[in-house]
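Fold and contact review
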Amino acid sequence: MDEIKLGKYRHFKGGEYEVLMLAKNSETTEKMVVYRALYGDREVWVRPLSMWNEEVVRDGVTYKRFIYIGE
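Presented here is an overview of the structure given in this document.

What the protein contains, in helices and strands, is 1 helix and 7 strands. Traced from its N-terminal end to its C-terminal end, the protein shows the element sequence β-β-β-β-α-β-β-β. Judged by the C-alpha coordinates and their principal axes, the protein covers about 35 × 25 × 20 Å. By sequence separation, contacts in the protein at least 24 residues apart represent 32% of the contacts at least 6 residues apart. With an accessible surface of roughly 5,000 Å², the protein has 50% of that area assigned to carbon and sulfur atoms. Placing the 12 positive and 12 negative side-chain charges of the protein at their respective mean positions leaves the two points 3 Å apart.

Cut-offs used in this document
For every chain, the first residue of the written sequence is number 1, and numbering continues from 1 onward in sequence order. Local features in this predicted model are restricted to residues whose pLDDT is 70 or higher, and side-chain atom pairs enter the listing and the counts only when it is 80 or higher, whereas totals over whole chains, interfaces and linings include all residues. For the side-chain quantities, the full set of heavy atoms in the structure was used; hydrogens and water were omitted. Strands are runs of DSSP state E lasting at least 2 residues, helices are runs of H or I lasting at least 4, and numbering of each runs from the N terminus. When checking whether two residues touch, look at their non-hydrogen atoms; a contact exists if any pair is within 4.5 Å. For accessible areas, the Shrake-Rupley method is used with a probe of radius 1.4 Å. Any residue's cover is judged against the shown protein chains and nothing else. In summary, the charge assignment counts Lys and Arg as positive and Asp and Glu as negative, without counting His or the chain termini. Where a charge sits is defined by one atom per residue type, namely NZ (Lys), CZ (Arg), CG (Asp) or CD (Glu).

The structure is reproduced here in structure tokens:
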């Protein structure tokens, strides 16, 4: 999956986030996800799109790192 929807996502550990936009790294042109935590101080973060879409294995169970939950 090369793209994602803007909107709200749940991290496999339970936190909720809002994807604000997609961007490109100015040095590598790698696609990045710009997102905000929907809890605490609501900090804004970036993460490579490839990481956003990957699956994570924890305690023998495979999870999608982020699940889309709506707008």
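Read on for the rest.
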